[in-house]
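# Results of the structural survey
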Amino acid sequence: MIDVSNLTEEAKPIVKQAAEVYIKHTEKDFIGLIVHGSAMKGGFISGSSDIDFQLYLKESAFDENGRLPLELSLAIHRDLAKINPYPFSYIQCRALSSKLPDGYVGPIPGAYHLVAGRLPVNEAINEQLKQSAINALRNLTSVPKYLKIFWIMGKNAYRE
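Everything in this summary refers to the structure shown in the same document. Computed from a prediction, not measured in an experiment: that's the story for all the values here.

### Concerning the nonpolar core
Grouped together as the largest cluster of nonpolar side chains are 30 residues, with contacts concentrated most on Val 15, Tyr 22 and Phe 53. Elements represented by at least two residues in this core include exactly helix H1 (12–26), strand E1 (30–36), helix H2 (38–41), strand E2 (50–57), helix H3 (70–80) and strand E4 (112–117). With near-sequence residues (within four places) excluded, Phe 53 lies in contact with Val 15, Ala 18, Tyr 22, Leu 33, Ile 34, Val 35, His 36, Ile 91, Gln 92, Cys 93 and Arg 94. The next biggest cluster of nonpolar side chains, apart from the first, holds six residues, and it includes Ile 31, Tyr 56, Leu 96 and Val 121.

### Side note on the pairing of E2
Judged by how many residues are buried, E2 sits mostly within the fold: eight of eight residues are covered. Burial along E2 is two-sided: Asp 50, Asp 52, Gln 54 and Tyr 56 facing one way and Ile 51, Phe 53, Leu 55 and Leu 57 facing the other are all buried. For E1 and E2, the ladder comprises six bridges, and the chain directions are antiparallel. When the bridges of E2 are listed, Gly 32 appears paired with Tyr 56.

### Re the sheet that holds E1
An order of E3-E2-E1-E4 is seen for the four strands of this open sheet, with the pairing classed as mixed. Unpaired on one side and paired on the other, strand E3 (90–96) and E4 mark the two borders of the sheet. Along the sheet, successive strands turn relative to each other by an average axial angle of 25 degrees, direction set aside. Each of E1, E2, E3 and E4 touches H1; the most contacted strand, E2, lies at about 25 degrees to it.

### Quick notes on the packing of H1 against H3
Running from N to C, H1 and H3 point in directions that differ by 155 degrees, and their axes come no closer than 10 Å. One way to sum up the angle between H1 and H3 is to call them roughly antiparallel. Here H1 and H3 pass one another in a crossing that is right-handed. Of H3, the residues touching H1 (which contributes Ala 18, Val 21, Tyr 22, Lys 24, His 25 and Thr 26) are Leu 72, Ala 75, Ile 76, Asp 79 and Leu 80. Taken together, the residues that form the contact of H1 with H3 break down as seven nonpolar, two polar and two charged.

### Let's talk about the layout of surface pockets
Reported here for the largest pocket is a volume of approximately 620 Å³. Along its surface, the largest pocket is lined by 27 residues, and Phe 62, Leu 68, Arg 94, Ala 95 and Leu 96 are the ones closest to its centre. When residues in the lining of the largest pocket are grouped by element, the largest group, seven residues, is from E3. Grouping the constituent residues of the lining of the largest pocket by class yields 16 nonpolar, five polar and six charged. Looking at the second largest pocket, its volume works out to about 230 Å³.

Rules used in this analysis
- Residues numbered from 1 in each chain as written.
- Predicted model: local features only at pLDDT ≥ 70, side-chain atom pairs only at ≥ 80, totals over all residues.
- Heavy atoms only, no water.
- Core = buried A, V, L, I, M, F, W, Y, C linked by side-chain atoms within 4.5 Å.
- Buried < 20%, exposed > 50% of the residue type's maximum accessible area, 1.4 Å probe, protein only.
- Helix = DSSP H or I, 4+ residues; strand = E, 2+ residues; numbered from the N terminus.
- Contact = heavy atoms within 4.5 Å.
- Pairing = 2+ DSSP bridges.
- Axes fitted to C-alpha atoms, helices over the stretch in contact; angles between N-to-C directions.
- Parallel < 35°, antiparallel > 145°, perpendicular 65-115°, else oblique.
- Left-handed = near helix turned anticlockwise from the far one by under 90°.
- Nonpolar A, V, L, I, M, F, W, Y, C, P; charged D, E, K, R; others polar.
- 1 Å grid on protein atoms, 1.4 Å probe; cavity = no way out; pocket = protein on both sides within 12 Å on 5 of 7 lines; lining within 4 Å.
- Points joined across faces, edges and corners; volume = space filled by probe spheres on them.

Structure follows, in C-alpha cells:
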C-alpha cells in the first residue's frame, strides 16, 4: 500500500506515481520507500526543488560495487521520465540496503515519510547527527588550486 497522506498536496500525485514505478521494478527486492525534504516538510521552490526518495532494497539487488544493475536503472528511469514532476523540478532517489554506507545515518525523525514497505534501518539519533556534522566539517575540501588561481587572477584584474 502506498501512503502519501503526510505529504504536501502538490507532491502527493507525483510521489504516488514514482512509488508505483519503484515498487514495480524492484518488487522481489523491495523493503521500503521514504520521501524526505520539501515534498514532505513543505517550503519547496516551484520549478527548482526536487522530490527526494530513499529506496531500501535487499542487498542481493546490488552488484559487487553497491550499484543497481544498469538494465534495472534504465527501466526505472524510462518509467519515471513519463511522470511530470511539476511544480517540482525532478525526482531524485538513492537506493540503499539495510546496511548503510560508512558515514550514513538513518532518516531523521520527523523529516521523512514512509511511503511504502518498512524502514529497515534505525532512525538517526542526536549523537549520530552531531558526529556526522563534525566529520563533514573536518573533511571539508579546501578550494582547489585551479580555483585559487582564477580568484587571484580575478582579484588582480579588478586592481588594474
